[in-house]
Amino acid sequence: MFSIKRISAVMCAGALALSLGACSSKETASPAKKEEGTGYPKKAISVVAPSGAGGGWDLTARSFAKVLSETKIVSQPLTVENKPGGGGAVFMAEYATQQAENNDMLFVNSPPIIINNLKKEGNSPYGYKNTTPLAQLTKDFGAIVVKADSPFKDLQSVLEEVKKDPSKLTFAGGSAPGSMDHLISILPAYKYGVDPTKIKYVSYDGGGEAITSLLGGNADVIGTDASSVKEFLKAGKVRVLAVTAAERLSGDYKDVPTAKEQGVDAEFTIWRGVFGPEKMSKEAKSYWEKAIDKLVKSPEWKKEVETQGWELEYKNSADFKTFLGEQDQQVQQLLKALGMQK
């Protein structure tokens with residue numbers, strides 16, 4: 001979604017056509033029922049994934065909306081919308097300028113909401129300060145991925161190739177240049193002594209498009225979030241060369257070594273959270289704080305997080321806002337070190 005815990009010298013930045021569920025709850029204990037008397041929400045809620053289908057934002061938005069509906073925590077219908085463009089920057093501009101008071105539109109995001117606002121190339125004038133942060137929901141990790149029939153069997157073989165000729169291989173990701181997937185893609189090479197500015201990177205709108213590019217032979221390597229390639233790994237279509245976690249992951253990734261195991265100190269944690277509009281009403285904010293708190297404590301949400309291959313890491317609205325301020329400072333330091341700050 002990244003907690004940059006080792007910012008000095010480490011790059012770590014950076015991103016259900018759905019169940020519309022109109023669910024009504026007769027349980028007076030639910031946040032939805034409690035708030036109904038005060039008038040919010042009165043209509044369907046839109047949860048936006050500012051990317052194409054299939055990537056981390058899309059999966060998070062759909063899981064968030066699905067479980068809120070199925071558990072009847074929210075009584076109004078929830079729909080998911082995909083609004084791709086510029087690694088989230090296009091939607092962010094629309095949201096900040098046209099939806100600043102729209103309590104009925106939430107969106108999910110991750111490190112790009114900070115990175116896009118601070119990077120030099122293709123930056124967005126809008127960032128998390130133009131929103132109301134509601135909660136961090138999960139964390140995920142970066143993955144370096146090739147096709148199953150790729151000649152590259154491990155991370156070092158890729159790095160040796162780019163060290164000889166940084167522009168020989170095409171790297172791809174589901175976010176704009178300078179944003180999260182780009183940073184995941186070039187992080188290991190950067191730590192291996194390769195000039196990251198010389199690496200060829202192609203951006204797509206979402207991890208799903210990046211995977212399609214890889215499988216279609218239009219990219220040699222992709223950097224993306226581990227959870228979005230889980231099904232392709234299980235199906236034998238891709239080979240994950242490394243994950244950017246501090247320790248090996250469990251489940252389907254138990255046999256995938258970390259970058260650090262392979263001698264490359266490249267750790268990268270992706271946080272994902274949900275946001276409301278900058279001028280969200282106190283009533284709506286209070287409603288969502290209670291609803292999300294109940295969501296993350298539910299067994300249904302815990303099961304969904306496990307199914308998706310994420311890790312539960314919850315921060316409430318106040319803690320999330322503080323965390324984002326810390327991330328903002330750290331990303332500035334990171335981009336400055338790479339000559340990528342605005």
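Below: a short report on this structure. (Residues numbered from 1 in each chain as written. Predicted model: local features only at pLDDT ≥ 70, side-chain atom pairs only at ≥ 80, totals over all residues. Heavy atoms only, no water.)

### Description of the overall build of the protein chain
Along the protein chain, the regular secondary structure elements total eleven helices and ten strands. Burial statistics for the protein chain: of 342 residues in total, 58% are counted as buried. Here the protein chain displays about 13,600 Å² of accessible surface, and carbon together with sulfur accounts for 48% of that area. (Helix = DSSP H or I, 4+ residues; strand = E, 2+ residues; numbered from the N terminus. Buried < 20%, exposed > 50% of the residue type's maximum accessible area, 1.4 Å probe, protein only. Areas by Shrake-Rupley, 256 points an atom, 1.4 Å probe, with all protein chains shown as cover.)

### Thoughts on the packing of aromatic side chains
Under the counting rule described, the total for this entry stands at ten aromatic pairs. Both rings, one in Phe91 and one in Phe107, keep their centres 5.3 Å apart while their planes meet at 65°; by these two values the pair is edge-to-face. Within this pair, whereas Phe91 is found in helix α3 (residues 89-98), its partner Phe107 is found in strand β3 (residues 105-109), the two being separated by 16 residues in sequence. For the pair shown, Phe91 and Phe107 are each scored as buried. A ring pair is formed by Trp271 and Phe320, whose centres lie 5.6 Å apart and whose planes are at 80°; its orientation type is edge-to-face. In this pair, Trp271 is assigned in strand β9 (residues 269-277) and Phe320 in helix α11 (residues 317-338), connecting sequence segments 49 residues apart. Judged by relative accessible area, Phe320 falls into the buried class, the value being 0%. Ring pairs connect the aromatic residues Phe91, Tyr95, Phe107, Trp271, Phe275, Phe320 and Phe323, which therefore count as one cluster. (Phe/Tyr/Trp six-rings, centres within 6.5 Å; stacked < 30°, edge-to-face > 60°.)

### A word on the side chain of Asp58
Structurally, Asp58 is set in helix α2 (residues 56-70). Asp58 has contacts with Ala49, Ser51, Gly52, Ala53 and Asn82, leaving out every residue within four places of it along the chain. (Contact = heavy atoms within 4.5 Å.)

### Quick word on the nonpolar core
Of all hydrophobic cores here, the largest spans 49 residues; its most connected members are Phe107, Ile113, Ile114, Phe171, Trp271 and Phe275. Per-element tally for this core: the top contributor is α11, with seven residues. When neighbours within four sequence positions are excluded, Ile113 is seen to be in contact with Met92, Phe107, Tyr126, Gly127, Tyr128, Thr131, Trp271 and Phe275. Residues Ala49, Leu106, Leu134 and Trp310 belong to the second largest nonpolar core, which totals 31 residues. (Core = buried A, V, L, I, M, F, W, Y, C linked by side-chain atoms within 4.5 Å.)

### Quick word on the pairing of strand β4 (residues 131-147)
Among the 17 residues in β4, 16 count as buried, and that is most of the element. Sheet analysis places β4 next to β9, joined by nine bridges and oriented antiparallel. If you follow Thr131 over to β9, its bridge partner there is Pro277. Where β4 meets strand β10 (residues 311-315), three bridges bridge the pair, whose relative direction is antiparallel. When the sheet's bridge partners are listed, Lys139 is paired in β10 with Glu311. (Pairing = 2+ DSSP bridges.)

### Regarding the packing of helix α9 (residues 282-297) against helix α10 (residues 299-308)
α10 packs onto α9 with a crossing angle of 65° between their chain directions and a minimal axis gap of 5 Å. Relative to α10, α9 is oriented roughly perpendicular. Seen from α9, the contacting residues are Leu295, Val296 and Lys297; seen from α10, they are Pro299, Trp301 and Lys302. Each residue belonging to the contact of α9 with α10 can be placed in one class, and the counts come to four nonpolar, no polar and two charged. (Axes fitted to C-alpha atoms, helices over the stretch in contact; angles between N-to-C directions. Parallel < 35°, antiparallel > 145°, perpendicular 65-115°, else oblique. Nonpolar A, V, L, I, M, F, W, Y, C, P; charged D, E, K, R; others polar.)

### Section: the environment of Asn102
Inspection of the secondary structure puts Asn102 in the loop between α3 and β3. Once the C-alpha coordinates of Asn102 and Met280 are considered, the two residues, 178 residues apart in sequence, prove to be 6.9 Å apart. Side-chain polar atoms of Asn102 contact the backbone nitrogen of Asp104, separated by 3.0 Å. (Polar contact = N/O pair within 3.5 Å; in protein donor to acceptor, adjacent residues only side chain to side chain.)

### A word on the packing of α2 against α9
Taken N-terminus to C-terminus, the directions of α2 and α9 make an angle of 90°; their axes are 11 Å apart at the nearest point. Classified by the angle between their axes, α2 and α9 sit roughly perpendicular to one another. Residue-level inspection shows Phe64, Val67 and Leu68 of α2 in contact with α9, the latter providing Trp288, Ala291, Ile292 and Leu295.

### A short note on the environment of Gly54
Tracing the backbone shows Gly54 in the loop between β1 (45-49) and α2. For Gly54, a relative accessible area of 28% gives the class partly exposed. For the pair Gly54 and Ile211, spaced 157 residues apart in sequence, the C-alpha separation works out to 9.1 Å. What Gly54 contacts, discounting residues up to four positions off in sequence, is Leu59, Gly208 and Ser228.

### Topic: the side chain of Thr132
With respect to the helices, strands and loops of the structure, Thr132 is situated in strand β4. Within the structure, Thr132 has its side chain in polar contact with the backbone oxygen of Glu278 (distance 3.4 Å). If near-sequence neighbours (up to four positions away) are discounted, Thr132 is found in contact with Phe275, Gly276, Pro277, Glu278, Met280 and Lys285.

### Quick word on α3
Taken together, the buried positions of α3 are occupied by Ala89, Phe91, Met92, Tyr95 and Ala96. Along the axis of α3, the buried positions cluster into a sector of 155°, meaning they face one direction only. Looking at α3, the residues exposed on the side facing more than 90 degrees away from the buried face are Val90 and Gln98. Those residues of α3 hidden inside the fold are in contact with β1, β3, α4 (112-118), β4 and β9. (Arc of directions from axis to C-beta.)

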